[in-house]
Amino acid sequence: MKKVTLIIPCYNEEEMIHLLYKELCVAAEKLHNMEDIQYETEMIFIDDGSKDKTLECIKELREHDSRIRYLSFSRNFGKEAAMYAGFCNASGDYAAVMDADMQDPPSLVPEMVKIIESGDYDSVAARRVSRKGEMVIRSCFARLFYKIMNKMLDSDIKDGARDFRLMKREMVQVIIEMKEYNRFSKGIFGWIGFRTYWYEYENVERAAGISKWNFLSLIRYSLDGILNFSWVPLAVIPILGIICVLAALVFGMVILVRKGSGTEFAFGWEVLVCIIAFFSGLQMMCIGMVGQYISKIYQESKNRPHYIAREASDEDMKKIL
Ligand code: UDP
Ligand code: MG
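In this text, all values refer to a predicted model and were calculated from it rather than measured experimentally.

K.L.:
Can you help me understand the pattern of salt bridges in this one?
P.N.:
Note that side chains of opposite charge can pair when their charged atoms are close. In the structure shown here, the tally under the stated rule is 19 salt bridges. Here Glu117 and Lys2 are joined by a salt bridge, their closest N and O atoms 3.1 Å apart. Of the two residues, Glu117 sits in helix 4 (residues 109-117) while Lys2 sits in strand 1 (residues 2-10), which places them 115 residues apart along the sequence. Since its relative accessible area comes to 28%, Glu117 is described here as partly exposed. The class for Lys2 is partly exposed, based on a relative accessible area of 27%. Note that Glu311 is salt-bridged to Arg310, the shortest N-O span being 3.5 Å. Judged by relative accessible area, which is 30%, Arg310 ranks as partly exposed. Residues joined by salt bridges that share partners form a network here, namely Lys79, Asp99, Asp104, Arg162 and Asp163.

K.L.:
Just checking my understanding: could you explain the sheet that holds strand 2 (residues 39-47) for this structure?
P.N.:
Neighbouring strands of a sheet are bound in pairs by backbone hydrogen bonds; such pairs are parallel or else antiparallel. Overall, mixed pairing links the 7 strands, which are arranged 3-2-1-4-6-5-7 in an open sheet. Across the chains shown, the open sheet's two edge strands, defined by having one partner strand only, are strand 3 (68-72) and strand 7 (196-201). Between one strand and the next, the sheet's axes are offset by a mean angle of 20°, whatever the strand orientation. Bridge count for strand 4 (residues 94-97) against strand 6 (residues 161-168) is 3 bridges, and the pairing is antiparallel. Bridged to Ala95 within strand 6 is Met167. Running over the sheet, helix 3 (residues 79-89) touches strand 1, strand 2, strand 3, strand 4 and strand 6 and is turned about 145° from strand 2.

K.L.:
Would you explain the packing of aromatic side chains in this entry?
P.N.:
Each aromatic ring pair is specified by the distance between its two centres and by the angle formed by the two planes. Taken as a whole, this structure holds 8 aromatic pairs when the rule is applied. Residues Tyr39 and Tyr94 carry aromatic rings whose centres are separated by 6.3 Å and whose planes lie at 40° to one another, so their mutual orientation is tilted. Pair noted here: Tyr39 is in strand 2 and Tyr94 is in strand 4, with a separation of 55 residues, a long-range link. Note on accessibility: Tyr39 and Tyr94 belong to one class, buried. These aromatic residues form a ring-pair network of at least three members: Phe184, Tyr221 and Phe229. The ring of Phe77 has Arg75 lying over it, and the distance from NZ or CZ to the ring centre is 3.9 Å. Over the face of the ring belonging to Trp191 we find Arg304, whose NZ or CZ atom lies 5.0 Å from the ring centre.

What counts and how
- Residues numbered from 1 in each chain as written.
- Chains lettered and ligands numbered in written order.
- Predicted model: local features only at pLDDT ≥ 70, side-chain atom pairs only at ≥ 80, totals over all residues.
- Heavy atoms only, no water.
- Salt bridge = Lys/Arg side-chain N within 4 Å of Asp/Glu carboxyl O.
- Helix = DSSP H or I, 4+ residues; strand = E, 2+ residues; numbered from the N terminus.
- Buried < 20%, exposed > 50% of the residue type's maximum accessible area, 1.4 Å probe, protein only.
- Pairing = 2+ DSSP bridges.
- Axes fitted to C-alpha atoms, helices over the stretch in contact; angles between N-to-C directions.
- Contact = heavy atoms within 4.5 Å.
- Phe/Tyr/Trp six-rings, centres within 6.5 Å; stacked < 30°, edge-to-face > 60°.
- Lys NZ or Arg CZ within 6 Å of the ring centre and 35° of its normal.

Just geometry here; none of it tells us what the structure is for.
Next up, the structure:
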């Protein structure tokens, strides 16, 4: 018998816990009665410092269902921390993170397990193909964000990708070993590689309660994604610097030629603009150089693995020494 771990980060989700539990039980039942292999289910609820009765609801469920495990944070640490805590405590052969609001439908899990069991994939990632029910401004910004991200990142993130994905134990282990503090899971999932099947489904609206994200927190989240996985902004600074210096040089030549030919006189302000542009550009180039060193230090400090092996003739060879 194999085990599937479902990790559920919860922040002020008292209205959702019981509703979700019912759905989880249906999915667990399906997993238990699958044809080839039977699966037991472990449900790990991470209470991310909720201020309502979320923890009490979880405890109530735990009293009569030993498949439920929970961890309650001392304060709100954010969904990324909650997911990491879930992965660290998962004991299943497969693990998936899902939102408490049922926007990641538990009913998809048995399908996902089947796809991984087919042997061609290491993970099945959920991707919304529509954003119906979401505010228009939000979905426009989200689309733009993923477009920019995909151009800038060294990690593959699809538009509409969610944190909801079922992964094999090996992948979960690699994620646990990525100990960086500033976490951006979507980027991490893409960065670690492995063979991923993109499972497409129509957006489902939140079943109850309200979204925990506001516009500002979404902007912060986007910035986190870019800062964690892309060096493009740092590379742009020296390029701007070079453009400024070149423009100043060309402008300077024009002034000299005009002055030399004696036809026109160079005004003081023209020379001044030229000098300011030249030195600003020079400064930007220097800042850019410093930026390159900082990016190297940042990369080193993340302590990411040099490589991640998927298969090897000996298990030992997969380890990074
Ligand atoms: N969540 C969390 N900590 C937070 C914010 C959210 O654990 O600080 C959980 C929340 O309870 C839910 C999931 O993360 O299970 C996704 O949150 P939400 O539905 O508010 O996000 P949205 O679907 O609107 O992007
Ligand atoms: Mg939601």
